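Chains, contacts and geometry: an overview
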Amino acid sequence: MRKKIVAGNWKMNNNLDQTKTLIKELKKQADKQISDTTRVIIAPSFVNLNTAVKKTKKSNIEVAAQNMHQAENGAFTGEISADMLTNLGLKLVILGHSERREYFGETDAILAQKVTTALQNNLEVIFCFGEVLEDRKLENHFEIVENQLKNGLFHLKKEDFKNIILAYEPVWAIGTGETASAGQAQEIHSFVRKTIAKKYGNEIAENISILYGGSVKPENAKEIFSKQDVDGGLIGGAALNAKDFLAIVNAI
Ligand code: PEP
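Please read these numbers as outputs of a predicted model, since none were measured by experiment.

Before going further, it helps to examine the UniProt feature "active site" (unreviewed entry) in the chain. Here, the residues flagged by UniProt with the feature "active site" (unreviewed entry) are His 97 and Glu 169. In sequence the annotated residues extend across 73 residues, while in space they remain close, none of their C-alpha pairs exceeding 8.3 Å. Position of His 97 among the secondary structure elements: in the loop between strand S4 (92-95) and helix H4 (98-103). Since its relative accessible area comes to 5%, His 97 is described here as buried. With residues up to four places along the chain from it excluded, the contact list for His 97 reads Asn 9, Lys 11, Cys 128, Glu 169 and Ile 174.

Within the fold, Val 171 resides in the loop between strand S6 (164-168) and helix H8 (182-200). The residues contacting Val 171, other than those within four sequence positions of it, are Ser 98, Gly 130, Glu 131 and Val 132.

This part covers a positive patch on the surface. A grouping of Lys 20, Lys 24, Lys 27, Lys 28, Lys 54, Lys 55, Lys 57, Lys 58 and Lys 91 is seen on the molecular surface, where their side chains present a positively charged patch. Elements represented by at least two residues in the positive patch include exactly helix H1 (16-33) and helix H2 (49-55). Among the secondary structure elements, Lys 28 is positioned in helix H1. Residue classification places Lys 28 among the exposed positions, given a relative accessible area of 58%.

Counting through the fold element by element, His 141 comes out in helix H7 (residues 141-153). Leaving out residues up to four positions away in the same chain, His 141 has contacts with Glu 131, Asp 135, Arg 136 and Ile 188.

Tallied over the entire structure, the rule returns 13 salt bridges. A salt bridge links Asp 229 to Arg 2; the shortest N-O distance between them is 4.0 Å. Of this pair, Asp 229 sits in the loop between helix H10 (218-225) and strand S8 (232-235) while Arg 2 sits in the segment before strand S1 (4-9), placing them 227 residues apart in sequence. Residues joined in a network through salt bridges with shared partners are Arg 2, Arg 193, Glu 206, Asp 229 and Asp 231.

Burial of strand S5 (residues 124-129) is extensive: six of the six residues sit out of reach of the surface. Across the two faces of S5 the burial is the same, with Glu 124, Ile 126 and Cys 128 and Val 125, Phe 127 and Phe 129 all buried. Alignment of S4 against S5, held across four bridges, turns out to be parallel. Within S5, the residue paired with Ile 94 across the bridge is Ile 126. The pairing of S5 with S6 spans five bridges and is parallel. Considered in S6, the bridge of Phe 129 is made with Tyr 168.

Parameters at a glance
- Residues numbered from 1 in each chain as written.
- Predicted model: local features only at pLDDT ≥ 70, side-chain atom pairs only at ≥ 80, totals over all residues.
- Heavy atoms only, no water.
- UniProt positions renumbered as here; feature names shortened; annotations may be inferred.
- Helix = DSSP H or I, 4+ residues; strand = E, 2+ residues; numbered from the N terminus.
- Buried < 20%, exposed > 50% of the residue type's maximum accessible area, 1.4 Å probe, protein only.
- Contact = heavy atoms within 4.5 Å.
- Patch = residues over 30% accessible without salt bridge, like charges linked within 9 Å, V, L, I, M, F, W, Y side chains within 5 Å.
- Areas by Shrake-Rupley, 256 points an atom, 1.4 Å probe, with all protein chains shown as cover.
- Salt bridge = Lys/Arg side-chain N within 4 Å of Asp/Glu carboxyl O.
- Lys, Arg positive; Asp, Glu negative; His and termini not counted.
- Charge placed at Lys NZ, Arg CZ, Asp CG, Glu CD.
- Pairing = 2+ DSSP bridges.

Here is the structure:
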């Protein structure tokens, strides 16, 4: 059975002190709230990952990196490798976030390499994808999403999918306060599951968790999470506040 997941992407927020404080606040409640069928993940910035791993060790909170480089190592100034992450004790990495695609030129081809490198290093991948507003208006969103999945993931083998979590994040809903309606989320999540089923079969499709991301808040989480093919959320802004993030965890 697929797991329910709430993951918080902290982006370039929270210095070391703030990271410690937020984890402390989350830990106070999270252990009581997290059931066996739910995973709670936080993704602090690279420099605070070591601390985050240590501070969450005796809790049910998992830690993810927000990105990594596709090469195993080498002359890539400023970059971080998969091995550096696993060596810190990390088990998860977010790849393909729309901010990485838009501001840092990450193409589908680069992301396909990153996914391969992550899996080869035993990292589980939260793979993000989603259309921009213009494509939604032109009703191209199904095609865009299908291509992002094909180009980023369809070189993988069936067995790789036990280490993939999908996150549908319509770009027009990220950090804008604009949320896809629960119906819009369900429509595309169901399409994504069917697209996976067509290529890899029903078992893989039924077992993969598909998260929704885009202005999820305590007020709208329950309705979005109530949809059959929505298995949780990738949360940005609301993940920076313990009370809000825990309320979203509670809504699952
Ligand atoms: C995100 O960046 O993954 C995200 C969903 O952000 P927000 O919740 O702030 O829209």
